[in-house]
Structures are given as C-alpha cells and as structure tokens.
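Structural description and commentary
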Amino acid sequence: MNFHVMTLFPEMIDPVLNTSIIGRAVKSGLINIDTVNIRDYAFNKHSKVDDYTYGGGAGMLMQAEPVYLCYRSVVDGIRPDAGHAGKDGSTRIRCIYLTPQGRVFDQETAGELSKEEDLILLCGHYEGIDERVLEEIVTDNISIGDYVLTGGEIPAMVLIDAVSRLVPGVLNNDLSPEYESFYDGLLEYPQYSRPEIWHDRPVPAVLLSGHHENIEKWRREQAIIRTMERRPDLWDKYKGKS
Ligand code: SAM
C-alpha cells in the first residue's frame, strides 16, 4: 500500500514512520510512504506558499496553486492515466484532507482505507488551505478529533499508523487486529504477563487454568464490563447493532 503525503514539513514525518513496526513494514516493502514537499511547487522565487486571507482575519492561508501542482505531480507519479480531479472533484485516487472539519477517524474508517492501493494525504498548516483547491482535489475530509492542531502532519501519521497495521503482513500475527479494541465494537479485555503476582496483585485465576472456553467467556465479559464503564457511547452503539 502506498501513502503519498503532501506537506510543508516532510522532516516531521520521515523519522516517526521509519521506526518500530511501521518502519519494518516500510523496509520490507509492505507499505511505502512518500512525502512530497508542497513548497517545491511554489510558483514564486521566494518559495512562498501562503498569503493573507480575503476578507481579513488573523493568520495566513496556504494558497491553491502550489497545492494543486503538487497534487498533479503526485497523481502523475502514481498512474499517469488516472487523470486529475476535475472541477467537479472527480478522481479515481482518494485524496484525504486532514482537517478538524472532517468526519472523525475511527477503526472502521481505518479498515476501509486499508483496502486502497494508494492514498494521497494532504496536510494543512497555518489557518488551513484555500477552499477552491480543496473543492477540486479532495475526496475525503478526515479529522482525528474535536480539537485544533497546528498542522495536518500528526493527523496524517496517526492515520498512516492505524491503516498500515491493518495491511496484511504488517503485524506479526495477521489475526491480532480481530482481538483488539473496536474490532467488534467493544474495548479489549484486560491482559497480563509474567510474573503471576506483582505488587500483591495476582493474575486472574481463569487465565492460568488452561480452559480455553472459560478464558474466552471471561474475556468477553471483561470486554463488555470495560466498554460499559469506560465508553458508554460505544456500548450503546454495540447494543443497537446486536
Ligand atoms: N482554521 C482551521 C479551522 O478552524 O478549521 C484550522 C486550521 S489548523 C490550525 C491547521 C491545519 O492543521 C489544518 O489545515 C489541518 O490540516 C490540521 N489539523 C488541525 N487540527 C486537526 C484535526 N483535529 N484533525 C485533522 N487535521 C487537523
């Protein structure tokens, strides 16, 4: 799977995603993360990519043209025949704008995106990006939560991490996402490792019993209790579905 990240700060992204599990997936070629500097597409000699907003207001806005030229070059690099987004926003390659105004990212969206071969991620900075280029190239607006960050780079990294671990082969055990929080709408059950007693706290006896059916039953109950206590919103949704 290929991620193409359009950003003014590629240096923020490369070191983080070249570490640990995602770093290994990059090295083994399961995923590819290509950062593209929007500033390279500035059309003035000072490489300026932002300007004041029409109508006044504090802060600078990223201009449409460098973002659009960068996007075209990314699309041409992926599949020259894919075509660029037209004025109606149509394109065959998904282009995600990380924005606090998007739908909030969750595990279901991560699963859906993990089926794509290529994803273009657009990171804003300053006050954001000129609306006209967003209308023309963006297929999905995604937020990582109801708060405002200084830029889209951290949200892009969050998305890449969550999506990448669902790409087959990235985790050691392909089955492991199935047992994790959110997979079936519940939080995961509590887990324990050695020693059997730590600070006078024993591991629940059932986990030492070797009785797989009882262990499964206990884990299911714990997942339900935990979800009810910690995330009543998730529990209501789960109950509504089942
Ligand atoms: N003026 C914008 C607004 O009020 O909606 C916020 C701009 S923010 C300071 C700069 C950039 O950070 C945005 O263009 C976006 O790419 C990114 N960003 C900030 N918060 C985000 C969030 N919660 N999720 C995803 N991206 C975010």
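Criteria and cut-off values
Residues numbered from 1 in each chain as written. Predicted model: local features only at pLDDT ≥ 70, side-chain atom pairs only at ≥ 80, totals over all residues. Heavy atoms only, no water. Pairing = 2+ DSSP bridges. Helix = DSSP H or I, 4+ residues; strand = E, 2+ residues; numbered from the N terminus. Axes fitted to C-alpha atoms, helices over the stretch in contact; angles between N-to-C directions. Salt bridge = Lys/Arg side-chain N within 4 Å of Asp/Glu carboxyl O. Buried < 20%, exposed > 50% of the residue type's maximum accessible area, 1.4 Å probe, protein only. Near = heavy atom within 4 Å. Polar contact = N/O pair within 3.5 Å; in protein donor to acceptor, adjacent residues only side chain to side chain. Areas by Shrake-Rupley, 256 points an atom, 1.4 Å probe, with all protein chains shown as cover. Domains from an automatic or database assignment. Parallel < 35°, antiparallel > 145°, perpendicular 65-115°, else oblique. Left-handed = near helix turned anticlockwise from the far one by under 90°. Contact = heavy atoms within 4.5 Å. Nonpolar A, V, L, I, M, F, W, Y, C, P; charged D, E, K, R; others polar. Core = buried A, V, L, I, M, F, W, Y, C linked by side-chain atoms within 4.5 Å.

Moving on, we get to the sheet that holds strand β2 (residues 32-37). Read across the sheet, five strands follow the order β2-β1-β6-β5-β7 without closing on themselves; strand pairing throughout is parallel. Here the strands that pair on one side only, and so sit at the sheet edges, are β2 and β7 (140-143). Strand-to-strand twist of the sheet, defined as the mean angle between neighbouring strand axes without regard to direction, takes the value 35 degrees. Here strand β5 (residues 94-104) pairs with β7 via five bridges, running parallel. Within β7, the residue paired with L98 across the bridge is I142.

Inspection of every chain in the model, using the stated rule, returns twelve salt bridges. Between E180 and R165 there is a salt bridge, and its shortest N-O distance comes to 3.0 Å. Residue E180 is found in the loop between α6 (153-164) and β8 (197-198), and its partner R165 is found in the loop between α6 and β8; the two are separated by 15 residues along the sequence. Of the charged contacts, one joins D236 and K239 as a salt bridge, the two residues approaching to 3.7 Å between their closest N and O atoms. Of this pair, D236 and K239 both sit in helix α8 (residues 232-241), three residues apart, which is roughly one turn of the helix. On the basis of relative accessibility, which here comes to 47%, the residue D236 falls in the partly exposed class.

Taken together, the neighbourhood of the ligand is formed by 21 residues, with Y97, L98, Q101, G124 and Y147 sitting nearest. At 3.3 Å, a backbone N or O of T99 approaches a nitrogen atom of the ligand. Here the ligand, which alone exposes 580 Å², has 86% of that area covered by the protein. At the level of secondary structure, the elements contributing two or more residues to the shell around the ligand comprise β5 and β7. Of all the elements, β5 adds the most residues to the shell around the ligand, at five residues.

Structurally, the protein comprises domain 1 (2-164) and domain 2 (181-241). For domain 1 versus domain 2, the distance between C-alpha centres works out to 37 Å.

Relative to each other, helix α1 (residues 10-17) and α6 sit at 30 degrees, their axes nearing to 10 Å. Judged by the inter-axis angle, α1 sits roughly parallel to α6. In this structure, α1 meets α6 at a crossing whose hand is right-handed. Every residue of α6 that contacts α1 at M12, I13, V16 and L17 is listed here: E153, I154, M157 and I160. For the contact of α1 with α6, a count of residues per class yields seven nonpolar, no polar and one charged.

This part covers the nonpolar core. One finds F3, I31, L121 and L159 to be the most contacted residues of the largest nonpolar core, which totals 26 residues. Elements represented by at least two residues in this core include exactly β1 (2-7), α1, α2 (20-27), β5, α4 (107-113), β6 (118-123) and α6. With six residues, the top contributor of residues to this core is α6. The residues contacting F3, other than those within four sequence positions of it, are I31, N32, I33, D34, L119, L121, L159, I160, V163 and S164.

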